[in-house]
Every structure is written in structure tokens, then in C-alpha cells.
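So you can see what is in the structure, the chains are spelled out below.
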Amino acid sequence: MSHRYQLEPVVAEWPQLSGNIYCIGRNYADHAKELNNEIPAEPVVFLKAPSALRALAEGPLAFPDETFHHELELVLLVGQHLKAQSEVGPDSVAAVTLGLDLTRRAVQDQLKKKSLPWTIAKSFAGSAVLAPFVSARGLDLTRIDLQLEVNGEVKQVGHTRDMMFPCSTILHYLVTLQNLYPGDLVFTGTPAGVGPVRRGDQLRVFSDALRLNANGRL
Ligand code: ZN
């Protein structure tokens, strides 16, 4: 497939995005509680279509009138071909960034009530927002702080030590089910503090551990 989305900054050894976007739900207990969800016994996995990808600094969102929920997440860029049922080594992640899993919460609540798939609540134009990637080399993925500001106000503050399923466990779990490919993305779940955003809102994502500080208008 062809890709509209290049990595920023473009680093030669990182793979191009494959288009596969795995997402983990309910990975922080404080967020599961705020939505009255049970604490899962194994990772909750859902997908977004590649058409959902959007750079943080890209132009306005396609939806002028709708309000979404922001979910700030650490996002992994897989760097290796990991065969289904194989072992996942420590170098399997090439790069990471902060992203937003934009969600139509009211639509998702309706779908959950009917026990239907969440897809249209989670996968739509611009719903997988990515800040520029940074190298994962030397990073301890259990020690990443993450923060989101909306219109200058801090909305979400989290730390990956609070994940119920750390990044290594998530990758192990995904590889029990299918191959992972270079350029696959994994959204690793959101801490508490999700809330409304809409087109025109000014976003800032920030992490000391990643030395990342990126802005964009939704
Ligand atoms: Zn999410």
C-alpha cells in the first residue's frame, strides 16, 4: 500500500508505517474506573483502519460539529518482523511517540450496550493522532511519563509504570495472535482524565522521558 504518512523526522532505519494499527483498551486501572469498565484479565485489543492516521500538526479535523474524547497514549512503532507465536525480544520496538486515540464516546457507549463492535466509534478520519516519533533505543518503556494539554489546560497526566499490561506484555500478547510487521503501530491505552475535544482545539503532548514536546491544532 502507499502511505500518506511519513515519520517525522524521517529516520532511515525506521520502517514506513505498515497501516496496521493495534489499540489496547482499559490498560490503566484509573481510566477503566472512570468509564465504569471492569479491570480486564487479559489485554483488550481493537483496531483502527490506516485511514484513521493523522499527524498532530496536520490541518483541521474533517468533522466541524462533532465532539470527541481525547485518549492520550504511548504509541509503539514495531521495528522487526515478529512471527506469530515467536518470542518478542527487547529490540522489537524501533521508535515511540505520544498519540491520541480520538473516540466517539456516546457512539461507543451505545455500541457497548448492544454488544456490537466499537469500530465506528474508534476508526474514522483523523482518529489516530501521532506526534513525531523518537528513537526507542535505550528507553525503558515502563518509565515513560505522558501529558496532554488542551487549550493550555492540563487534561491528562500519566506514567507507563501504571499500565496493567506493560508494553512487552502487549507485544507478547499480540504475537500470540498474528505476525507483527515493521511499521505496525500499537496504541497502548490511556490513563484517566479523558474528556471532550473538538475541531480547532489547541493540543500539546509532552514527555520528559521522551524529550518530546509537540503541538497541533485539531
Ligand atoms: Zn485508547
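Up top is the structure.
So, here's what we can say about the structure. Residues take numbers from 1 onward in each chain, read along the sequence in its written order. For a predicted model such as this one, the threshold for reporting local features is a pLDDT of at least 70, and the threshold for listing and counting side-chain atom pairs is 80 or more; totals across whole chains, interfaces and linings nevertheless cover every residue. Hydrogen atoms and water are omitted, and side-chain values are computed over all heavy atoms in the structure.

**Remarks on the layout of surface pockets**
Formally: Cavities and pockets were defined on a 1 Å grid built from protein atoms only: a cavity is a group of points that admits a 1.4 Å probe but offers it no way out, a pocket is an open group of points flanked by protein on both sides within 12 Å along at least five of seven lines, and a lining residue is one with an atom within 4 Å of any such point. Grid points are joined across faces, edges and corners, and a volume is the space filled by probe spheres set on the points. Helix and strand definitions follow DSSP, with helices as H or I runs of at least four residues and strands as E runs of at least two, each counted in order from the N terminus.
Taken as a whole, the largest pocket holds about 490 Å³ of empty space. Along the wall of the largest pocket there are 25 residues; nearest its centre are Pro90, Asp91, Ser92, Val93 and Ala136. Per-element accounting of the lining of the largest pocket gives the leading share, four residues, to helix α4 (residues 167–177).

**Regarding α4**
We count it as follows: Exposure is judged per residue with a 1.4 Å probe applied to protein chains only, and the accessible area is read against the type maximum: over 50% gives exposed, under 20% gives buried, and values in between give partly exposed. When we speak of the arc, we mean the arc of directions from the helix axis to the C-beta atoms. In what follows, a contact means two residues having at least one pair of non-hydrogen atoms within 4.5 Å.
Buried residues of α4: Cys167, Ile170, Leu171, Leu174 and Val175, and no others. The buried residues of α4 occupy an angular sector of 130° when projected down its axis, which confines them to one face. Against β1 (21–25), β2 (44–48), β5 (72–78), β6 (93–101) and β11 (185–187) lie the buried residues of α4.

**Some words on the pairing of β6**
Test applied: Here a strand pair is declared whenever DSSP counts at least two bridges between the two strands.
The buried fraction of β6 amounts to nine of the nine residues, a majority that puts the element mostly inside the structure. Judged from the seven bridges that link them, β5 and β6 form a sheet pairing that is antiparallel. From the neighbouring strand, Leu77 faces β6, where its bridge partner is Ala95. Relative to strand β7 (residues 128–130), β6 runs antiparallel, the two sharing three bridges. Bridged to Asp101 within β7 is Ala128.

**Things to note about the coordination of the zinc ion**
How we decide: Coordination here is defined by N, O and S atoms within 2.8 Å of the metal (3.2 Å for Na, K and Ca), and since water is not considered, a site can look incomplete.
Bound to the zinc ion on the protein side are Glu71 (OE), Glu73 (OE) and Asp101 (OD), at distances that span 1.9 to 2.1 Å. Donor residues for the zinc ion sit on one chain with the sequence pattern E-x1-E-x27-D. Of this pair, Glu73 sits in strand β5 while Asp101 sits in strand β6; the two residues are 28 residues apart in sequence, bridging distant segments of the chain. Asp101 carries the same exposure label as Glu73, and that label is buried.

**Some points on helix α2 (residues 105–113)**
Buried residues of α2: Arg105, Gln108 and Leu111, and no others. Each buried residue of α2 sits inside an arc of 120° when the element is viewed along its axis, so together they form one side. For α2, the exposed residues lying more than 90 degrees away from the buried face are Ala106 and Lys113. On its buried face, α2 is in contact with α1 (29–34), β4 (67–70) and α3 (119–122).

**Structural notes on unusual backbone geometry**
In this model, Asn36 sits at a positive phi of 55°, which is unusual for a non-glycine residue. Tracing the sequence through the fold places Asn36 in the loop between α1 and β2. Its identity is not glycine, yet Asn151 carries a phi of approximately 50°, on the positive side. Mapping Asn151 onto the fold places it in the loop between β9 (145–150) and β10 (153–159).

**Details of the sheet that holds β10**
Quick reminder of the rule: Axes, fitted as lines to C-alpha atoms, cover a helix only where it is in contact. Angles between the N-to-C directions of the axes lie from 0 to 180 degrees.
Read across the open sheet, the four strands follow the order β10-β9-β13-β14; overall the sheet is antiparallel. Single-partner strands in this sheet number two, and they are β10 and β14 (212–217). Here the average twist between neighbouring strands, direction ignored, is 15°. Sheet topology places β9 next to strand β13 (residues 202–207); four bridges connect them, and they run antiparallel. Bridge pairing in β13 places Val150 opposite Leu203.

**Notes on the environment of Leu210**
Within the secondary structure, Leu210 is located in the loop between β13 and β14. Of the residues examined, Leu210 reaches a relative accessible area of 5% and is grouped as buried. Placed 114 residues apart in sequence, Leu210 and Val96 show a C-alpha to C-alpha distance of 8.3 Å.

These values are about where atoms sit, not about what they do.
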